[in-house]
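Residue-level listing of the chains:
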Amino acid sequence: MPAFLDDFLFSYQSLIYALGINGLLALSMYVVLAIGQLSLGQAAFMGLGAYTSALLTLKLGTPFALVLLASMAVPALAALIIGVPTLRLSGVYLALATIGLGEVLRIAFVNSELTGGALGLSGIPEKAGYAIIFGALLLALIAFVLVSRSRLGRAMEAMREDEVAAGMLGVHLPRYRISALVVSAMLAGLAGALNAHVSSFISPNDYGFDAAVTILSYALLGGIGSPFGPVVGAIILTLLPEVLRPLHDFRLVFNGLIIVIAVLFMPHGLVPWRIGRTGARP
Amino acid sequence: MLAQQLVNGIISGATYALFALGFTLMFGVLNVINLTYGVYFSTGALIALYATRNFAFPILLALPLAAVATGLIAVVIDGLLLTPLRRKKAPELASLMVTLGATLLLYSLMTAFIGTDIQRFPPAAIDSSAIEIGGVRVSRSQILIVGTAFAMVALLLALMRGTRLGLAIRALAENPDAARLMGVDVTLVTFFVSFVSGTLGAAAGILIGLNYNAIQPYMGEVMMLKGFAVIIIGGLGDIRGALIAGLILGLLEGLTAGYVASSLKDAVGFLLLVLTLWFRPVGLFGRAAVKRA
């Protein structure tokens, strides 16, 4: 590797990691938004993944591959507990229950001795790196592009545009809703585990309300017409505060503002193009 | 011990009920989940704090002043964010998202300017002299809290059931288009409902601020968790349900803190919320029509 590239990667290491991890989080938000639902539990799922993985690594010395699997399984279970009862109800219930999940988990992390209380866990070994973070992001992107080109993707888009009509045309709404939520929880959990294993330190405040809303702002800025939108949104909102230093202190104000502007004036986001379908016959 | 826990439970339960009332009113009439509601809770407490601390207002004057000021803020926020979406007939999750963004914006603006340190009412504002009845201690502030909560609830019920304005509000809740055709000024009634909700949220914030005497911008966020629990347990949009669910939550939290562990207190609401979703999504009384998708 050329020396200048080496230097560059070294000085901006944590920023580059953040780009990949936030990209994964944005995709986890995309899966749910893509079928017209709203989950505000992304930060909570991420926290569950992060704490599960950190505890397994620190206390039991579990192999990293198993750690990653567990960090996806635990949030998936939480998604089922919250998701199954809200499936038959309107989207409002899922949104409220997932915000509640975030709050209650934060309280649990702060109060439990196992998770290190308000101080969190530190000294997590650096087991993840560029290859696994960006590999996971790339795989997820490819998978979502393939899905949106398929029958499945058409069903998802139909649900987003008009749920009643989609249901009438034979789309099994509950099955899609729970699958989307579980996949989204798994992705967020994975992102949490990877983040814990590159930053060596996690604390309950990383997974609160601010984080949940920030993840939503990635997806809404980029737009949810295609899986690329949310990733672009995540990259912009991760880089911008670094480039514009004055913005740094008002980062959260800005993220909130982005959501307001996106919903009111820019419903298709910055990347409005949709992905074409294969085998579409007239 | 038990009697004291029950009394403490009723005091926090009364404030939860008051808080959830404005939230459920907003949903029941305007059909939006307005997440900036938690901000009104913090704003009310902060305005009352500044009025008593920096301008030496007596608390009995600061309370209504801060509540009305916050009610006006709620009207402005509704006009800026939700009215445009209503006009476009946007899906209900759009309004949830826009208020979510606004909530983060407002909280972080508040913390940027006043920080997250806990601030307290001046000692003179709080009358902590207690009355003891049969071994149960109740401070005069706590009596003010419960009294105000019950007075506001009674006023609201009288307004909804006994006045033409209340009739217009109920008509709007039932069917906005029909209400408009019957001559209800929908915009005006919408703003009025926002105002009342903001006032209720702020009043709850001031009362809880008085009870615990710890005020900071993010206090509304923790409260929102209880708000969600109460309105879902009581049934979305059900005023009587919210009142009773609020009291139940306060009592159960008091008992949990007294007999199980005080650190588990804040998890009670969420547990009840999940149980309600699994077993009785229509809420306690089953009157709120569950919005099936």
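Residues numbered from 1 in each chain as written. Chains lettered and ligands numbered in written order. Predicted model: local features only at pLDDT ≥ 70, side-chain atom pairs only at ≥ 80, totals over all residues. Heavy atoms only, no water.

Visitor: I'd like to hear about the overall build of chain B, residue by residue, with values.
Guide: Of regular secondary structure, chain B possesses eleven helices and two strands. Moving toward the C terminus, one meets the helices and strands of chain B in the order α-α-α-α-β-β-α-α-α-α-α-α-α. Computed over C-alpha atoms, the radius of gyration of chain B comes to 19 Å, within 12% of the 19 Å expected from 2.2 N^0.38 for 293 residues, which places it in the range of a compact globule. Taken along its principal axes, the extent of the C-alpha atoms in chain B is 55 × 45 × 35 Å. Buried positions account for 55% of the 293 residues belonging to chain B. Long-range pairs, those at least 24 residues apart, make up 76% of the contacts in chain B with a sequence separation of at least 6. When the accessible surface of chain B is summed, it comes to about 12200 Å², and 68% of that surface belongs to carbon and sulfur atoms. Charge centroids of chain B, computed over 19 positive and 12 negative side chains, lie 5 Å from each other. (Helix = DSSP H or I, 4+ residues; strand = E, 2+ residues; numbered from the N terminus. Rg over C-alpha atoms; globule rule 2.2 N^0.38 Å. Buried < 20%, exposed > 50% of the residue type's maximum accessible area, 1.4 Å probe, protein only. Contact = heavy atoms within 4.5 Å. Areas by Shrake-Rupley, 256 points an atom, 1.4 Å probe, with all protein chains shown as cover. Lys, Arg positive; Asp, Glu negative; His and termini not counted. Charge placed at Lys NZ, Arg CZ, Asp CG, Glu CD.)

Visitor: Kindly report on a nonpolar patch on the surface, identifying the contributing residues and their values.
Guide: A contiguous nonpolar surface patch, about 770 Å² in accessible area, is contributed by A:Leu77, A:Leu80, A:Ile81, A:Val84, B:Leu271, B:Leu275, B:Trp278 and B:Phe279. Of all the secondary structure elements, the ones that give two or more residues to the nonpolar patch are helix H4 (64-86) of chain A together with helix H11 (268-279) of chain B. Mapped onto the elements, A:Leu77 comes out in helix H4. (Patch = residues over 30% accessible without salt bridge, like charges linked within 9 Å, V, L, I, M, F, W, Y side chains within 5 Å. Salt bridge = Lys/Arg side-chain N within 4 Å of Asp/Glu carboxyl O.)

Visitor: Kindly report on the interface of chain A and chain B, identifying the contributing residues and their values.
Guide: Every contact between the two is made by 46 residues of chain A and, on the other side, 45 residues of chain B. Both sides of the chain A and chain B interface together cover about 3900 Å² of buried area, and 80% of this is carbon and sulfur. The largest share of the area that chain A buries against chain B comes from A:Tyr93, A:Leu96 and A:Leu264, three residues that together contribute 17% of it. Linking chain A with chain B are zero salt bridges, by the criterion used here. For the interface between chain A and chain B, the tally reads four residue pairs in polar contact (both at pLDDT 80 or more). Among the elements of the structure, H4, helix H5 (91-111), helix H10 (209-222) and helix H13 (251-265) of chain A are those that each provide at least two residues to the side of chain A that touches chain B. When residues in the side of chain A that touches chain B are grouped by element, the largest group, 14 residues, is from H5(A). When the residues that make up the side of chain A that touches chain B are grouped by side-chain class, the tally is 30 nonpolar, ten polar and six charged. (Buried area = accessible area lost by both parts, 1.4 Å probe. Polar contact = N/O pair within 3.5 Å; in protein donor to acceptor, adjacent residues only side chain to side chain. Nonpolar A, V, L, I, M, F, W, Y, C, P; charged D, E, K, R; others polar.)

Visitor: If you had to explain helix H9 (residues 173-199) of chain A to someone new, which residues and values would you point to?
Guide: Residue and element names in this part refer to chain A. Here H9 spans 39 Å end to end across 27 residues, near enough to the 39 Å set by a 1.5 Å rise per residue. With 20 of 27 residues buried, H9 lies mostly within the body of the structure. Two residues or fewer after H9 comes Ser200, characterised by a positive phi angle close to 65°. (Expected span 1.5 Å × (residues − 1).)

Visitor: So what about the packing of aromatic side chains? Which residues, and what values?
Guide: Taken as a whole, this structure holds eleven aromatic pairs over all chains when the rule is applied. Seen from their ring centres, A:Phe209 and B:Tyr107 are 6.3 Å apart, and the 85° between their planes marks the pair as edge-to-face. Of this pair, A:Phe209 sits in helix H10 while B:Tyr107 is found in helix H4 (residues 92-114), placing the two residues in two different chains. Take A:Phe209 and B:Tyr107: they sit in the same class, and that class is buried. With a centroid separation of 5.1 Å and an interplanar angle of 80°, the aromatic rings of B:Phe19 and B:Phe41 are classed as edge-to-face. Here B:Phe19, found in helix H1 (residues 2-30), pairs with B:Phe41, found in helix H2 (residues 37-54); they are 22 residues apart in sequence, far enough to count as distant. Side by side, B:Phe19 and B:Phe41 carry an identical accessibility label, which is buried. (Phe/Tyr/Trp six-rings, centres within 6.5 Å; stacked < 30°, edge-to-face > 60°.)

Visitor: Lay out H10(A) in plain terms, naming residues and giving numbers.
Guide: All names here are of chain A. Here H10 spans 21 Å end to end across 14 residues, near enough to the 20 Å set by a 1.5 Å rise per residue. Burial runs high along H10: 13 of the 14 residues are buried. At the exit of H10 stands Gly223, carrying a positive phi of roughly 95°.

Visitor: Describe the packing of H10(A) against helix H11 (residues 228-243) of chain A, with residues and values.
Guide: Residue and element names in this part refer to chain A. Relative orientation of the contacting elements H10 and H11 amounts to 115°, with a least axis distance of 7 Å. Where H10 crosses over H11, the handedness of that crossing is right-handed. Within the contact between the two elements, H10 uses Ser217, Tyr218, Ala219, Leu221 and Gly222 and H11 uses Gly229, Pro230, Gly233, Ala234, Ile236, Leu237 and Thr238. Along the lines of polarity and charge, the residues of the contact of H10 with H11 split into seven nonpolar, five polar and no charged. (Axes fitted to C-alpha atoms, helices over the stretch in contact; angles between N-to-C directions. Left-handed = near helix turned anticlockwise from the far one by under 90°.)

Visitor: Mind laying out the packing of helix H5 (residues 140-162) of chain B against helix H6 (residues 164-174) of chain B, listing which residues take part and the relevant values?
Guide: Residue and element names in this part refer to chain B. At a closest axis distance of 5 Å, the pairing of H5 and H6 adopts a crossing angle of 80°. Relative to H6, the element H5 is oriented roughly perpendicular. Of the residues in H6, those in contact with Leu159, Met160 and Arg161 of H5 are Leu165, Gly166, Leu167, Ile169 and Arg170. Tallied by class, residues from the contact of H5 with H6 come to five nonpolar, one polar and two charged. (Parallel < 35°, antiparallel > 145°, perpendicular 65-115°, else oblique.)

Visitor: Which residues make up the pairing of strand S1 (residues 130-133) of chain B, and what are the values?
Guide: Residue and element names in this part refer to chain B. Looking at chain direction, S1 and strand S2 (residues 136-139) are connected through four bridges and run antiparallel. Across the sheet, residue Ile133 finds its bridge partner in S2, namely Val136. Count of turn residues in the S1/S2 antiparallel hairpin: two residues, of which Gly134 carries a positive phi of about 55°. (Pairing = 2+ DSSP bridges.)

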